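Examining the three-dimensional arrangement
Here is how the chains run, residue by residue.
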Amino acid sequence: MERKVRVRFAPSPTGALHIGGVRTALYNYLFARQHGGDMLLRIEDTDSTRFVPGAEEYIIEALQWLGIGIDEGIGCVPASGSTREWEQAKEGLPCQAGPNGPYRQSERREIYHQYVDQLLQSGHAYIAFDTPAELEAKRAEMANFQYDARTRNQMVNSLTLSAEEVQARMARGDQYVVRFKVEPNEDVHVHDLIRGEVVINSNILDDKVLYKSADDLPTYHLANIVDDHLMEISHVIRGEEWLPSAPLHVLLYRAFGWEDTMPQFAHLPLLLKPDGNGKLSKRDGDRLGFPVFPLEFHNQKDGTVSSGYRESGYFPEAVINFLALLGWHATGDQEMFTMDELIAQFSLDRVSKAGAKFDYEKGKWFNHQYLQLRQGAELYDAFVAAVPEAGKAAVQAADKAVVAHVIDLMKERVNFVPELWEQAAFFFVAPAEYDEKSLKKRWKEESPAHMRELYKVLEGIDEWTAEKLDAVVMGWIAEKEYGVGLVMNAFRITLVGAARGPHIWEITNVLGKDETLHRLQVAIERLS
RNA sequence: GGUGCUAUCGUCUAGGGGUCUAGGACAACGGCCUCUCACGCCGUAAACCCCGGUUCGAAUCCGGGUAGCACUACCA
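Residues numbered from 1 in each chain as written. Chains lettered and ligands numbered in written order. Predicted model: local features only at pLDDT ≥ 70, side-chain atom pairs only at ≥ 80, totals over all residues.

1. Some points on the overall build of chain A
- A count of helices and strands for chain A gives 20 helices and 16 strands.
- Relative to the 2.2 N^0.38 estimate, which gives 24 Å for 528 residues, the radius of gyration of chain A is 32 Å and therefore markedly larger than a compact globule would have.
- In terms of its C-alpha atoms, chain A occupies a principal-axis envelope of roughly 110 × 55 × 45 Å.
- When each of the 528 residues of chain A is scored for burial, the buried share is 36%.
- Residue pairs at least 24 apart in sequence account for 73% of intrachain contacts in chain A once pairs closer than 6 positions are excluded. (Helix = DSSP H or I, 4+ residues; strand = E, 2+ residues; numbered from the N terminus. Rg over C-alpha atoms; globule rule 2.2 N^0.38 Å. Buried ≥ 20, exposed ≤ 12 C-beta atoms within 10 Å, placed from the backbone. Contact = placed C-beta atoms within 7 Å.)

Listed below in structure tokens is the structure:
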């Protein structure tokens with residue numbers, strides 16, 4: 001039976017959205033768009049102790065920046081005039097809309113109560129009074145202790161206590177949890193779209209806590225299954241770290257009697273550290289000097305600041321393109337993809353099974369490519385914003401078209417807009433000093449004399465164009481037999497302060513005759 | 001420890017029994033271009049984890065081993 005494709009991205013608001021999470025969101029989005037389905041955003045905030053203020057807003061902003069659209073749920077943009085008559089976003093809160101709300105799990109308590117009761121009534125779950133301290137003691141006393149069919153009879157729960165005792169404990173307000181009663185000795189089959197059939201014996205599963213009375217909230221496992229069912233999710237595309245609990249989820253669907261509408265699973269390979277082994281973590285970014293979050297994040301809870309791709313000068317398209325290829329590959333050799341191309345070509349069966357080391361260098365290359373695609377004029381604002389205070393006035397004083405032209409000249413030699421200034425500063429600010437190495441290599445004994453002569457030659461040119469300058473200067477060099485390299489490199493140093501930069505007539509064009517002569521003069525004085 | 005997943009150049013990957021003396025990209029290195037530095041172009045180096053089996057033939061299928069990773073909470 002063909003079901004409408006509905007997928008969800010369901011992060012926890014426990015901090016900035018990790019780049020691996022971004023990729024998960026992206027794959028979900030691509031899959032939904034390709035199949036004409038819906039992409040939902042649900043906030044899984046069932047752990048009240050780990051909640052970080054601002055995290056939800058951050059997730060929405062990050063997804064928006066990246067162009068990962070949400071059709072339903074938190075942060076969605078209700079299509080005007082569509083058939084969806086969604087509730088208005090609450091004042092001051094991010095948009096929350098759709099027929100299956102609320103989309104924040106902490107606001108769905110009553111819904112979960114009903115399903116916890118169903119499981120309790122049907123005998124698929126039971127109430128347990130063991131305190132965290134008691135469980136800890138038990139684990140210390142018994143190696144490899146697991147709360148399951150073998151051990152639940154020795155614990156304090158509704159299976160071992162009389163009904164009256166259970167009532168009495170609940171009546172006097174004892175804290176309890178509801179645990180899932182896993183039947184032992186059963187092979188549970190999970191069909192994974194990426195990995196195929198995965199079989200796990202229920203003996204290794206423990207009686208997972210589904211609900212905790214302490215904060216009147218379900219745990220991830222219960223909330224996840226209930227919500228995916230109620231929200232009619234057709235495909236669960238999530239990280240590989242969830243694969244071990246997939247059998248539990250299958251059992252839960254079965255216990256609820258929802259097996260026939262159970263979503264299909266696809267467990268994505270993990271993003272690994274660039275060096276060494278293990279999952280990519282925030283620490284790796286700090287250690288190796290690259291962001292692991294889409295946007296800069298100021299954590300109000302612990303006061304830390306994490307750098308982001310956006311603030312580092314990345315284009316969202318570059319991040320998307322880079323991430324898309326980390327774990328997925330199209331049929332051909334194409335590397336550059338627009339979002340639309342990704343949507344058209346994405347396919348779960350071309351997702352790799354093995355984890356992908358996070359290759360930051362490749363990410364830079366992607367940004368370089370996208371930078372080359374942009375015109376200087378459209379980069380103007382970003383460039384000016386990235387200019388340090390010392391150079392700001394000079395850039396703002398310059399003609400906008402000239403600045404755009406400079407950007408066009410220089411962009412090919414950088415990966416990021418913020419790197420442009422150190423390459424292009426000399427266009428706007430005369431060199432304060434001359435690079436030692438360049439002088440040693442390109443500034444010869446005869447250079448001052450050459451430059452004095454060049455000054456005279458240039459002074460006589462009225463038509464200040466590249467063609468004219470080239471004709472006159474090259475003619476002069478040829479006539480005097482000075483050697484093009486010798487003269488031009490010295491000239492370059494007087495204008496740039498170092499032996500680098502674009503073609504020299506591009507530089508004189510931007511500087512103009514007066515500034516060119518002035519720099520020449522200053523250099524002659526200082527380097528003679 | 002237990003369970004599961006995974007395994008091709010340093011990295012991301014192509015490959016689905018013969019077309020593989022294993023292709024592409026990043027990074028590295030060399031050259032060309034050239035007034036410099038970049039870009040670009042051309043090129044070099046660089047991999048099928050190991051052992052068995054199936055087969056005329058295995059990077060590809062199967063088994064075992066090894067290694068890596070994930071999970072093993074009243075976190076997600």
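Moving on from the model shown.
2. What about the domain arrangement of chain A?
- Assigned domains within chain A: domain 1 (6-106 + 270-350), domain 2 (108-268), domain 3 (374-428) and domain 4 (436-527).
- Here the C-alpha centroids of domain 1 and domain 4 sit 52 Å apart. (Domains from an automatic or database assignment.)

3. Some details on the protein's contact with RNA strand B
- Near RNA strand B there are 61 residues, and of these E44, N277, A354, R413 and A499 occur at the shortest range.
- Broken down by secondary-structure element, the contributors of at least two residues to the surface near RNA strand B are helix 4 (132-141), strand 8 (196-201), strand 9 (209-212), strand 16 (356-357), helix 11 (360-373), helix 19 (484-496) and helix 20 (504-527).
- For the surface near RNA strand B, the leading source of residues is helix 19, giving five residues.
- Across the surface near RNA strand B, the residue classes tally to 23 nonpolar, 17 polar and 21 charged. (Near = placed C-beta within 6 Å. Nonpolar A, V, L, I, M, F, W, Y, C, P; charged D, E, K, R; others polar.)

4. A short note on the environment of G512
- Here G512 lies in helix 20.
- Remark: the alpha-carbon pair of G512 and N201, spanning 311 residues in sequence, is separated by 78 Å.

5. Brief notes about the nonpolar core
- In terms of nonpolar packing, the biggest core is built from 89 residues, with V22, L26, Y58, A62, V319 and L323 touching the most fellow members.
- Per element, the largest residue contribution to this core is nine residues, and it comes from helix 1 (residues 19-34).
- When residues of this core are assigned to domains, at least three fall in each of domain 1 (6-106 + 270-350) and domain 2 (108-268).
- When near neighbours in sequence (up to four residues on either side) are disregarded, L26 contacts I68, I320, L323 and A324. (Core = buried A, V, L, I, M, F, W, Y, C linked by C-beta atoms within 7 Å.)

6. Quick look at helix 18 (residues 466-480)
- With 15 residues, helix 18 extends 21 Å from end C-alpha to end C-alpha; this agrees with the ideal 21 Å at 1.5 Å per step.
- Looking only at helix 18, the buried set comprises L469, V473 and I477. Seen from one end, helix 18 has its buried residues packed into an arc of 45 degrees, which puts them on one side. In this structure, helix 18 carries E467, G475, A478 and E479 as exposed residues pointing more than 90 degrees from its buried face.
- Remark: E481 follows helix 18 within two positions and exhibits a positive phi of approximately 55 degrees. (Expected span 1.5 Å × (residues − 1). Arc of directions from axis to C-beta.)

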